[in-house]
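Here's the letter readout for the chains.
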Amino acid sequence: MSAPSVPRLTLADVEQFLYREARLADEHDYDGWESLWTDDGIYWIPAGGASAEDPDTQMSIVYDNRSRIALRVAQLKSGKRHSQTPPSSVRRMISNVELMGTDGGDHLVGANFLAVESRDRGTTIWAGRAEYRLRLVDGQPRLAHKKVTLVDRDRALFTLSFLI
């Protein structure tokens, strides 16, 4: 007897999920964005120029477990995060979405992004690649892991105080 197959997400399913995640972050719907995460979710933005593979041994811009993600969201919602008063105006474009395979029931996904942030200091363009582990929870895709590799990660960066 063969093992039961893991339900597969289609490319269209993945694209719609990534577009929704971007929209929730762009529109400052922090509760909606946070609801996309699994209980064991990890949000990682490595720093430096080397290929980042291990957040425990490499410098990070952000390395949040699930409780830290909740704290980050609470801080953004409080209105007391000076760097986001008033909130940045942000719009993201997601492209080159790829289904990279599966691992232990998680769907491995990659996508390029371009985010334009407008603040009093001016406009900043953030570009990079995001790698995701998406997990079906109650039939819906959720973020189990998100790694954002910024193009400019090896340079001095403006404060990254919004959700990228």
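You'll find the structure just up there.
In this report, we go over the structure that sits alongside the text. Small disclaimer: the values here were computed from a predicted structure and weren't measured.

Some thoughts on the sheet that holds strand β1 (residues 37-46)
And then number 1: The strand order across the open sheet built from six strands is β2-β1-β6-β5-β4-β3, with neighbouring strands paired in mixed fashion. Looking at strand neighbours, the two that pair on one side only are β2 (60-64) and β3 (89-103), the edges of this open sheet. Neighbour-to-neighbour, the strand axes of this sheet turn through a mean angle of 20°, independent of strand direction.
And then number 2: Relative to strand β6 (residues 140-150), strand β5 (residues 122-137) runs antiparallel, the two sharing 10 bridges. Within β6, the residue paired with R135 across the bridge is R142.
And then number 3: Against the sheet, helix α3 (residues 66-78) engages β1 and β2, with an angle of about 75° to β1.

Points about the environment of R66
And then number 1: Checked against the element boundaries, R66 lands in helix α3.
And then number 2: Residues R66 and W37, 29 residues apart in the sequence, show an inter-C-alpha distance of 7.8 Å.
And then number 3: Engagement of the side chain of R66 in a polar contact is seen with the side chain of E34, the distance being 3.0 Å.

Here's the deal with the nonpolar core
And then number 1: L18, W33, Y43, Y132 and L134 are the most contacted members of the largest nonpolar core, which totals 31 residues.
And then number 2: Only α1 (11-26), α2 (30-34), β1, α3, β3, β4 (106-119), β5 and β6 provide two or more residues apiece to this core.
And then number 3: Take this core: its biggest share by element is six residues, from α1.
And then number 4: Not counting the four nearest positions on each side in its chain, Y132 is found in contact with L18, E21, H107, L108, V109, A111, L143, H145 and K146.

Here we look at the layout of surface pockets
And then number 1: By volume, the largest pocket amounts to about 170 Å³.
And then number 2: Those elements that provide at least two residues to the lining of the largest pocket are β4, β5 and β6.
And then number 3: Looking at the lining of the largest pocket, the element that brings in the most residues is β5, giving four residues.

A short note on the pairing of β4
And then number 1: Two strands pair when backbone bridges link them, and β3 and β4 are joined in this way by 12 bridges, in the antiparallel orientation. Within the sheet, the bridge partner assigned to G101 lies in β4 and is L108.
And then number 2: The loop that links β3 with its antiparallel partner β4 comprises two residues; one of these, G104, has a positive phi angle of about 60°.
And then number 3: Of the strand pairs in this sheet, β4 and β5 are connected by 13 bridges, and their pairing is antiparallel. Its bridge partner being in β5, N112 is matched across the sheet by R129.

Focus: the packing of aromatic side chains
Pairs of aromatic rings are described using the distance from one ring centre to the other and the angle between the two planes.
And then number 1: The final tally for this structure, using the stated rule, is four aromatic pairs.
And then number 2: Seen in terms of ring centroids, W33 and Y43 are 5.7 Å apart; in terms of plane orientation they differ by 65°. Their pairing is edge-to-face. Of this pair, W33 sits in helix α2 while Y43 is found in strand β1, placing the two residues 10 residues apart along the sequence. By the burial criterion, W33 is buried, and Y43 matches it.
And then number 3: An aromatic cluster of three or more residues is present, and its members are W33, W37 and Y43.

Focus on the side chain of D106
And then number 1: With respect to the helices, strands and loops of the structure, D106 is situated in strand β4.
And then number 2: A residue is classified by how much of its surface remains accessible, and D106, at 5% relative accessible area, is buried.
And then number 3: Here the side chain of D106 touches R133 through a polar contact of 3.1 Å, side chain to side chain.
And then number 4: For D106, the side chain forms a polar contact with the side chain of R135, separated by 2.7 Å.
And then number 5: Aside from chain neighbours lying at most four places away, what touches D106 is G101, R133, L134, R135 and A144.

The rules we used
- Residues numbered from 1 in each chain as written.
- Predicted model: local features only at pLDDT ≥ 70, side-chain atom pairs only at ≥ 80, totals over all residues.
- Heavy atoms only, no water.
- Pairing = 2+ DSSP bridges.
- Helix = DSSP H or I, 4+ residues; strand = E, 2+ residues; numbered from the N terminus.
- Axes fitted to C-alpha atoms, helices over the stretch in contact; angles between N-to-C directions.
- Contact = heavy atoms within 4.5 Å.
- Polar contact = N/O pair within 3.5 Å; in protein donor to acceptor, adjacent residues only side chain to side chain.
- Core = buried A, V, L, I, M, F, W, Y, C linked by side-chain atoms within 4.5 Å.
- Buried < 20%, exposed > 50% of the residue type's maximum accessible area, 1.4 Å probe, protein only.
- 1 Å grid on protein atoms, 1.4 Å probe; cavity = no way out; pocket = protein on both sides within 12 Å on 5 of 7 lines; lining within 4 Å.
- Points joined across faces, edges and corners; volume = space filled by probe spheres on them.
- Phe/Tyr/Trp six-rings, centres within 6.5 Å; stacked < 30°, edge-to-face > 60°.

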